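Listed below, chain by chain, are the residues.
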Amino acid sequence: MAELRADYLDPGEVAAATAMPSRAGVPLILTLRRPAEGGRFPGSERDRIALLERLASGGFAWVDLEEDLDAPNLVARFVNAGTRIIRSMHDFTGTPDHLVERLRRLPRGASEVPKLAVTPKGVSDLSRILAAARASPGTEKIILGMGPYGVTTRILATRLGSLLSYAAVPGAAVAPGQVDVRTLAEEYRFGAIGKGTAVYGVIGNPILHSRSPFIHNRGIAALGLDAVYLPFQVDDVDAFWEVADELGVTGLSVTVPHKQAVIRRLSARDALVDAVGACNTVCRRVGGEPWTGTNTDVEGFLAPLLDVTGGKLRVGLKAVVIGAGGASRAVVYGLARQGARVLVLNRSRERAQELAQVFGVQAAGLDPAGLKLAAGADLIVQTTPAGMEGQPPEDPAPGLAFTGSEIVYELVYEPPVTPFAARAAAAGCRIIGGWAMLVAQAMRQFELFTGRPYPEELAKELLKVD
Ligand code: NAP
């Protein structure tokens, strides 16, 4: 079905609105929203009610009326015309207290369905929305969380017992957290989500830019699995664990800034988590504990590199790693394990030294003295966020001269070519992009979550896109 936002129409279009239900080809929800609820209707409340009365005979499947609209004649008119009423309560600034009560108090009945649309400001608000949905099983209702923390309620609407979900028109500007209808239908396969659908996802903050849902959901669809993979915006890992229980989540990818914080939630972890000091993957058996953690970044980083080096690294290979953050830890650990001689160069030298001490490698600042030490590198790995989308198009090491014989591995995958990688390619270096690592680490996660290998052909197709 579609929602006709009549408050967005100009006066000439409004006059023709009664003809729209018969022309649309799908059931229509009529909404004429006042500014207090984010609408654009310019006239008085009397004008609005008068216009709704005129439209009542139009044959709309539904009309959305605010909870406090006291207009029994108007309601009767719609009901007599066979139109059902959505009784809505909106909060664009937060999630009010006593949600269960608020939902219960909304008018409901054979012709009326309550709708709660609120704005979670964090995971604990999302948790309260899910609890409100659970507290009213079997009741026809619409429950919706707006903004980035509410995405879960849009994708899993049917799991929450919501009658419908709202999605944007593809290509139209969308507010944070809105999913367009094509992505909802094709990537998240909204229509196939049911009670038994396995739920996986990625936790991070921010997270809506993540490409992980695309990679995992494509794999799920290719194998015809009853599963879905969501982006979970998470500000508080502990509060999220309640959400994970509520939704029966059985597999999670973990990204910035939660790779360390998540470790305290694990019942078991493998040696890689301890060795790298970070966990990017957690899974559990259906039905609850224990959560087990691992790290697929190490293997995900090494796989594309070993693909171009014939399955192993040359003995004594000299590797320079730029950056000493979270990603650098997995990279340095993986390279050291493969027997490479590793030099870490970082903007703040102390941080490079700390990391180098942990892994028993060499360290220096990202300065002329450090760059001198980098001479003769066989492999250069760029692990800083410099040049990534949302950051200035910056080269983190403009003083680093390429000879053209190095392999240059750029971890940033958005954009596909950073200024650093472009300069290396122009010098003749062989380039490995961050997309290859992202896909490789996701493939390992996919197998841990689903028990099925990620389809090889699909992976090849994804890598061609880059
Ligand atoms: P992080 O922990 O925040 O690391 C930041 C590091 O980058 C620090 O060493 C910092 O130096 C350095 N840095 C930041 N801006 C810089 C600049 N403009 N010039 C020079 N150095 C700079 O981040 P992370 O988690 O390691 O992630 C880093 C990047 O890797 C991100 O772009 C992320 O998307 C990407 N990544 C990709 C994959 C993949 O699968 N392809 C996986 C993981 C991460 P200071 O210590 O001096 O501040």
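Residues numbered from 1 in each chain as written. Predicted model: local features only at pLDDT ≥ 70, side-chain atom pairs only at ≥ 80, totals over all residues. Heavy atoms only, no water.

(A) Geometry of the overall build of the chain. Within the chain, the secondary structure is distributed over 18 helices and 18 strands. With the principal axes as the frame, the chain shows a C-alpha extent of 85 × 50 × 40 Å. Evaluated residue by residue, the chain yields a buried proportion of 52% over its 466 residues. In the chain, once contacts between residues fewer than 6 apart in sequence are set aside, the share between residues at least 24 apart is 65%. Surface accessibility of the chain: about 20600 Å² in total, with carbon and sulfur atoms responsible for 52%. Charged side chains of the chain number 49 positive and 50 negative; the gap between the two group centres comes to 2 Å. (Helix = DSSP H or I, 4+ residues; strand = E, 2+ residues; numbered from the N terminus. Buried < 20%, exposed > 50% of the residue type's maximum accessible area, 1.4 Å probe, protein only. Contact = heavy atoms within 4.5 Å. Areas by Shrake-Rupley, 256 points an atom, 1.4 Å probe, with all protein chains shown as cover. Lys, Arg positive; Asp, Glu negative; His and termini not counted. Charge placed at Lys NZ, Arg CZ, Asp CG, Glu CD.)

(B) Region of interest: the site of the ligand. Looking at the ligand, there are 23 residues lining it, with A324, A327, N346, R351 and G434 nearest. E394 is positioned such that a nitrogen or oxygen atom in its side chain is 3.3 Å from a nitrogen atom of the ligand. Here the ligand, which alone exposes 930 Å², has 81% of that area covered by the protein. Counting residues per element, the ones that place at least two in the shell around the ligand are α13 (326-337) and α17 (434-450). With three residues, α17 is the single largest residue contributor to the shell around the ligand. The residue inventory of the shell around the ligand, partitioned by class, reads twelve nonpolar, eight polar and three charged. (Near = heavy atom within 4 Å. Polar contact = N/O pair within 3.5 Å; in protein donor to acceptor, adjacent residues only side chain to side chain. Nonpolar A, V, L, I, M, F, W, Y, C, P; charged D, E, K, R; others polar.)

(C) Quick peek at the environment of A36. By the secondary structure assignment, A36 is in the loop between β2 (28-31) and α3 (45-55). For the pair A36 and H90, spaced 54 residues apart in sequence, the C-alpha to C-alpha distance is 9.3 Å.

(D) Seen up close, the sheet that holds strand β3 (residues 62-66). Pairing in this open sheet of six strands is parallel, and the strands run β1-β2-β3-β4-β5-β6 from one edge to the other. With partners counted over all chains shown, the strands left at the sheet margins are β1 (2-5) and β6 (142-145), one partner each. Direction aside, neighbouring strands of the sheet carry axes that sit 25 degrees apart on average. Examined bridge by bridge, β3 and strand β4 (residues 84-90) share five bridges and lie parallel to one another. Among the inter-strand pairings, W62 is bridged to a residue of β4, identified as R84. Running at roughly 135 degrees to β4, helix α4 (residues 72-80) makes contact with β2, β3 and β4 of the sheet. (Pairing = 2+ DSSP bridges. Axes fitted to C-alpha atoms, helices over the stretch in contact; angles between N-to-C directions.)

(E) Here's a closer look at helix α9 (residues 212-223). The end-to-end C-alpha distance of α9 is 17 Å, a good match for the 16 Å that twelve residues give at a rise of 1.5 Å each. Of the residues making up α9, those classed as buried are S212, P213, I215, H216, N217, G219 and I220. Just downstream of α9 lies G224, where phi reads positive at about 65 degrees. (Expected span 1.5 Å × (residues − 1).)

(F) Examining unusual backbone geometry more closely. Of the consecutive residues N205 and P206, the connecting peptide bond is found in the cis state with omega at 0 degrees. As for its position among the elements, P206 is in the loop between β7 (198-204) and α9. One non-glycine residue, H98, lies in the positive phi region at around 50 degrees. Counting through the fold element by element, H98 comes out in the loop between β4 and α5 (99-105). If you check the backbone angles, R189 has positive phi at about 45 degrees while not being a glycine.

(G) Structural detail: the sheet that holds strand β11 (residues 281-283). As summarised here, the arrangement of the six strands in space is β8-β7-β9-β11-β12-β10, forming an open sheet in which the pairing is mixed. Of all strands in the sheet, those bounded by a partner on one side alone are β8 (227-233) and β10 (268-269). Bridge analysis of β7 against β8 gives seven bridges, and the strand direction is parallel. Following the sheet pairing, I203 is matched in β8 by F232.

(H) Just helix α10 (residues 237-247), in detail. Those residues of α10 lying buried are V237, A239, F240, W241, V243, A244 and L247. Buried positions along α10 lie against α6 (123-134), α7 (151-155), β7, β8, β9 (249-254) and β11. Looking one or two residues beyond α10, the residue adopting positive phi is G248, at roughly 65 degrees.

(I) Summary view of the nonpolar core. I203, F232, F240, W241, L252 and V282 are the most contacted members of the largest nonpolar core, which totals 47 residues. Contributions of two or more residues to this core are made by α5, β5 (112-118), α6, α7, β7, β8, α10 and β9. With seven residues, the single largest contributor to this core is α10. Ignoring sequence-local partners within four residues, the contact set of F240 consists of V123, I203, F232, V234 and L252. (Core = buried A, V, L, I, M, F, W, Y, C linked by side-chain atoms within 4.5 Å.)

(J) Quick look at the pairing of β6. On β6, burial covers both faces: I142 and L144 on one face and I143 and G145 on the other are all buried. Examined bridge by bridge, β5 and β6 share four bridges and lie parallel to one another. In the strand pairing of β6, K115 is matched with I142. Handedness of the β5-α6-β6 crossover: right-handed. (Right-handed = clockwise from strand over helix to strand, strands pointing away.)

(K) Layout of the pattern of salt bridges. Across all of its chains, the model carries 25 salt bridges by this definition. For R34, the salt bridge is made with E45, and the minimal N-O distance between the two is 3.5 Å. In this pair, R34 is assigned in the loop between β2 and α3 and E45 in helix α3, connecting sequence segments eleven residues apart. Residues K259 and D297 are paired through a salt bridge, measuring 2.7 Å at the closest nitrogen-oxygen approach. Placement of the pair is K259 in the loop between β9 and β10 and D297 in helix α12 (residues 297-308), with a sequence separation of 38 residues. Owing to a relative accessible area of 17%, K259 belongs among the buried residues under this scheme. What makes D297 buried here is its relative accessible area of 9%. (Salt bridge = Lys/Arg side-chain N within 4 Å of Asp/Glu carboxyl O.)

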